[in-house]
Amino acid sequence: MADLVIKQQDIIERILTMELVRVTERAAVAAAHLRGRGDEKAADQAAVDAMRRELNRLPIDGTIVIGEGERDEAPMLFIGERVGTMTGPKVDIAVDPLEGTTLCAKDMAGSVAVMAVAQAGALLNAPDVYMEKIAIGPGYPEGVVDLDMTPEENVRALAKAKGVTPGEITVLILDRERHQGLIDGCRRAGASVRMITDGDVAGVIYCAQTAISGVDMYMGTGGAPEGVLAAGALRCVGGQMQGRLVLDTPEKIERARSMGITDPKRKYTMKELANGDVIVCLTGVTDGPLVQGVKFGKDIINTDTLIYRSVTGTVRRIGAEHREMGKFRLD
Ligand code: VTB
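A brief look at the structure comes next.

## Thoughts on helix 2 (residues 40-55)
The terminal C-alpha atoms of helix 2 lie 22 Å apart, and with 16 residues this matches the ideal 22 Å at 1.5 Å per residue to within 8%. Within the span of helix 2, buried status applies to Ala43, Asp44, Ala46, Ala47, Val48, Ala50, Met51, Glu54 and Leu55. Where helix 2 is buried, its residues contact helix 1 (15-32), strand 1 (61-66), strand 2 (82-83), strand 3 (90-99), helix 3 (101-105) and strand 4 (112-119).

See below:
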């Protein structure tokens with residue numbers, strides 16, 4: 001994707017920023033009703049339904065470019081679905097109505113409702129496949145780490161750039177068997193490896209908050225949709241990220257080609273994953289390090305949301321008290 005020059009007409013109306021909060025808030029509340037019930041599908045479907053309803057109320061001409069899969073396998077918010085009132089700006093939308101479905105089903109920390117909105121054409125139109133990812137926070141020279149370097153090389157290069165020993169570097173990695181080589185490599189270089197069971201959108205964002213999270217680098221293979229969402233958020237707070245789709249079957253290569261991806265081995269930079277004016281909005285479902293989960297009081301529902309905007313680098317935290325609990329439950 002060519003580097004987009006942001007023109008005035010391409011800047012999404014600022015007023016939308018607040019409108020988006022409602023979308024992830026509703027999705028988060030819907031999913032939170034099903035926290036800890038052990039039913040990932042039901043929680044995800046509740047979040048999808050709520051998110052779709054709210055999206056269709058927005059004054060936008062929106063297209064889902066990162067969604068819940070293909071039209072035939074996902075009844076709602078599939079790639080290519082049009083959302084909004086069709087009256088406002090033409091935007092592309094990436095959604096993960098419930099990022100960390102397992103975390104929600106088990107009521108474990110870190111599940112969120114997340115979406116990104118950008119000017120049309122600014123988000124990588126990726127199929128729902130895996131993506132190799134590497135991310136670090138701001139303040140490092142461009143290209144200090146790279147997907148094509150070994151884990152040892154990346155750890156050493158990052159330590160050198162940070163002015164610390166490799167032993168002082170912490171790498172965050174999804175706890176999966178496929179990552180054993182990666183984990184071993186990081187440890188061989190002396191790094192500490194912190195594992196997460198799910199939730200690599202937040203995992204990437206942690207890299208930009210090393211002082212709080214203790215995480216210097218995110219590495220590993222996770223969902224491509226999560227990769228695009230994470231790149232959008234990281235662009236707002238600063239940092240570097242690379243992603244490469246895992247297109248390991250002829251079907252996936254063909255699917256990607258039909259979405260405009262001609263080079264299946266292409267390494268995307270953060271800006272190529274999410275370009276232009278991007279707004280990323282994320283509401284906690286369960287408690288986590290980035291945001292608090294939904295709290296159900298007797299008369300009030302509390303939500304905690306972060307909104308990132310790349311064009312200004314603003315991050316807003318919106319704590320909301322919702323008093324229309326009945327409405328929240330029913331509509
Ligand atoms: C990650 C993680 C997600 O999927 O992207 C992961 O961040 C990758 O897929 O929360 P596998 O579970 O197949 O390894 C999630 O766990 C769920 O979408």
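Picking up where we left off.
## Thoughts on the pattern of salt bridges
Taken as a whole, this structure holds 22 salt bridges when the rule is applied. We note a salt bridge from aspartate 61 to arginine 82, for which the minimum N-O separation is 2.6 Å. Placement of the pair is aspartate 61 in strand 1 and arginine 82 in strand 2, with a sequence separation of 21 residues. Given the relative accessible area of 14%, aspartate 61 is considered buried. Between lysine 162 and aspartate 216 there is a salt bridge, with its nearest N and O atoms 2.7 Å apart.

## Brief notes about the pairing of strand 7 (residues 192-196)
Looking at chain direction, strand 6 (residues 170-174) and strand 7 are connected through five bridges and run parallel. Residue pairing across strands places isoleucine 173 opposite methionine 195, the latter belonging to strand 7. You can see the chain leave strand 6, run along helix 5 (residues 180-188) and come back into strand 7, and the turn it takes is right-handed.

## Points about unusual backbone geometry
A positive phi angle, near 65°, is found at methionine 86, a position not held by glycine. Considering the arrangement of structural elements, one finds methionine 86 in the loop between strand 2 and strand 3. Of the residues examined, methionine 86 reaches a relative accessible area of 36% and is grouped as partly exposed. In this structure, aspartate 107 is a non-glycine residue whose phi angle is positive, near 50°. Relative to the helices and strands, aspartate 107 is located in the loop between helix 3 and strand 4. Owing to a relative accessible area of 46%, aspartate 107 belongs among the partly exposed residues under this scheme.

About the cut-offs
Residues numbered from 1 in each chain as written. Predicted model: local features only at pLDDT ≥ 70, side-chain atom pairs only at ≥ 80, totals over all residues. Heavy atoms only, no water. Helix = DSSP H or I, 4+ residues; strand = E, 2+ residues; numbered from the N terminus. Expected span 1.5 Å × (residues − 1). Buried < 20%, exposed > 50% of the residue type's maximum accessible area, 1.4 Å probe, protein only. Contact = heavy atoms within 4.5 Å. Salt bridge = Lys/Arg side-chain N within 4 Å of Asp/Glu carboxyl O. Pairing = 2+ DSSP bridges. Right-handed = clockwise from strand over helix to strand, strands pointing away.

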